[in-house]
Amino acid sequence: MMMSGSRLVVIFVIISTTFFTVRSIRLFPDSFEDASSNFMEAPAYQNGPKCSVLAKNRLLLACDPSAIHIAMTLDPAYLRGTVSAVHSILKHTSCPQNIFFHFIASGSRQGSLAKTLSSVFPSLSFKVYTFDESMVKNLISSSIRQALDSPLNYARSYLSDILSSCVQRVIYLDSDVIVVDDIQKLWKISLSGSRTIGAPEYCHANFTKYFSDSFWSDRKLSSVFDSKTPCYFNTGVMVIDLDRWREGEYTRKIENWMKIQKEDKRIYELGSLPPFLLVFGGEIEAIDHQWNQHGLGGDNVVSSCRSLHPGPVSLIHWSGKGKPWVRLDDGKPCPVDYLWAPYDLHKSQRQYVQYNQELEIL
């Protein structure tokens, strides 16, 4: 039955005051050892009849070019988001057993993180890699938001070094996304010519604001965009040709810009994003916007509510300060956060699952 907008608002107010008065457990590093017991086991997803038969041995699948390779970071503070993202991918793809996940973690929690993932997804094919933070720690300069300064946030720049050399291509995803379409469609997108990265571009955005006045006034630096038409792109969803990345030594090029920022002059404020724009701006394969409906976490300072952009949606991204699991737990959710909730496998989601059930009944 369809509901009018006013009736939906009334129901939202009643349910939110009923089911969000208790704050649930969050996954912070201090309490991470018990993380596996905080999650429910995901349903077992099987390949459809038209899927290619790939190696069942996970070690072989890790290098199989016929498999879909997805890379994500594993941060204990964002683990709930990562689990939900993986759940959404498996739920909506027709060939879940042909996906191999490459997870990157920092510090000594690699074993505990792998245990949690195996507990939630018993049949998941994955490998957890250790990210050596010392590679980037001395290159990081402070940014507009502390979370952006985490060394693990820069792991996306080192995928070609971290992942095995047999991995030729990968989809990189942030932990605050859900996929509501078959990930095979994104995987099959071609990177034309010598393109190394594919991502949705946003050419209506003011590209100049991503860099400081001192950058634009320095002709030696700003000339990097000469003869190019650069557009903003979000690095939370990227298709990457790792062979071309290695050949082009793009990690070193990104590091060179970080050194200028750290040692010479401040040329940007937004963490790991601007070096990507400097290296790849104007030279990426443009992917349809439906594969990154981003910005749903507000901006980098305020956790404000935003709506989906018009048009089809394949991937929803809570980039920005606000995260759906935090807002749901605090009893201050945005309407779009309920699109994330069905994929949440954390046991605290029982507080708001009844809300979704009430809406389905109505």
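Above this note sits the structure.
Bear in mind that the values here come from a model prediction, so they are computed numbers and not experimental data.

### Describing helix H11 (residues 273-280)
- Along H11, 8 of the 8 residues are buried, which leaves the element largely enclosed by surrounding structure.
- Tucked into the core, H11 has its buried residues touching strand E6 (197-199), helix H7 (213-216), strand E8 (232-233), strand E9 (237-241), helix H9 (242-248) and helix H10 (250-264).
- Phi for Gly282, located one or two positions after H11, is positive at around 85°.

### Some points on the packing of H10 against H11
- Viewed as axis vectors pointing N to C, H10 and H11 meet at an angle of 120°, and their least axial separation amounts to 9 Å. One way to sum up the angle between H10 and H11 is to call them oblique. In the crossing of H10 with H11, the sense of the turn from one axis to the other is right-handed. Of the residues in H11, those touching H10 at Tyr250, Lys253, Ile254, Trp257 and Met258 are Pro275, Phe276, Leu278, Val279 and Phe280.
- Of the residues that constitute the contact of H10 with H11, the class distribution is 9 nonpolar, no polar and 1 charged.

### Some points on the side chain of His87
- In this fold, His87 is placed in helix H3 (residues 79-92).
- Once residues within four sequence positions are removed from consideration, His87 is found in contact with Pro43, Tyr45, Phe121, Pro342, Tyr343 and Leu345.

### Examining helix H4 (residues 110-120)
- Buried within H4 we find Leu113, Thr116, Leu117 and Val120. Burial along H4 is one-sided: seen end-on, the buried residues are contained in an arc of 95°.
- Close packing links the buried residues of H4 with strand E1 (68-74), H3, strand E2 (99-106) and strand E3 (126-131).

### With respect to the state of the cysteines
- Within the structure shown, the criterion is met by 4 disulfides.
- Here Cys51 connects covalently by a disulfide to Cys95, the sulfurs 2.0 Å from one another. The chirality of the disulfide connecting Cys51 with Cys95 is left-handed, given an S-S dihedral of about -95°. One end of the pair, Cys51, is in the loop between helix H1 (5-19) and helix H2 (58-61); the other, Cys95, is in the loop between H3 and E2, and 44 residues separate them in sequence.
- Overall, the relative accessible area of 14% leaves Cys51 in the buried class.
- Shown here is the disulfide that connects Cys305 with Cys334, its sulfur atoms set 1.9 Å apart. Its torsion about the S-S bond being -85°, the disulfide of Cys305 and Cys334 is classed as left-handed. Here Cys334 lies in the loop between helix H12 (324-329) and helix H13 (350-361) and Cys305 lies in the loop between strand E10 (285-286) and strand E11 (315-317), a separation of 29 residues in the sequence.
- Overall, the relative accessible area of 49% leaves Cys305 in the partly exposed class.
- Cys334 gets classed as buried once you look at its relative accessible area, which sits at 1%.
- Of note for the protein: the bonded cysteines, numbered N- to C-terminal, pair according to 1-3, 2-4, 5-6, 7-8.

The rules behind these values
Residues numbered from 1 in each chain as written. Predicted model: local features only at pLDDT ≥ 70, side-chain atom pairs only at ≥ 80, totals over all residues. Heavy atoms only, no water. Buried < 20%, exposed > 50% of the residue type's maximum accessible area, 1.4 Å probe, protein only. Helix = DSSP H or I, 4+ residues; strand = E, 2+ residues; numbered from the N terminus. Contact = heavy atoms within 4.5 Å. Axes fitted to C-alpha atoms, helices over the stretch in contact; angles between N-to-C directions. Parallel < 35°, antiparallel > 145°, perpendicular 65-115°, else oblique. Left-handed = near helix turned anticlockwise from the far one by under 90°. Nonpolar A, V, L, I, M, F, W, Y, C, P; charged D, E, K, R; others polar. Arc of directions from axis to C-beta. Disulfide = S-S within 2.5 Å.

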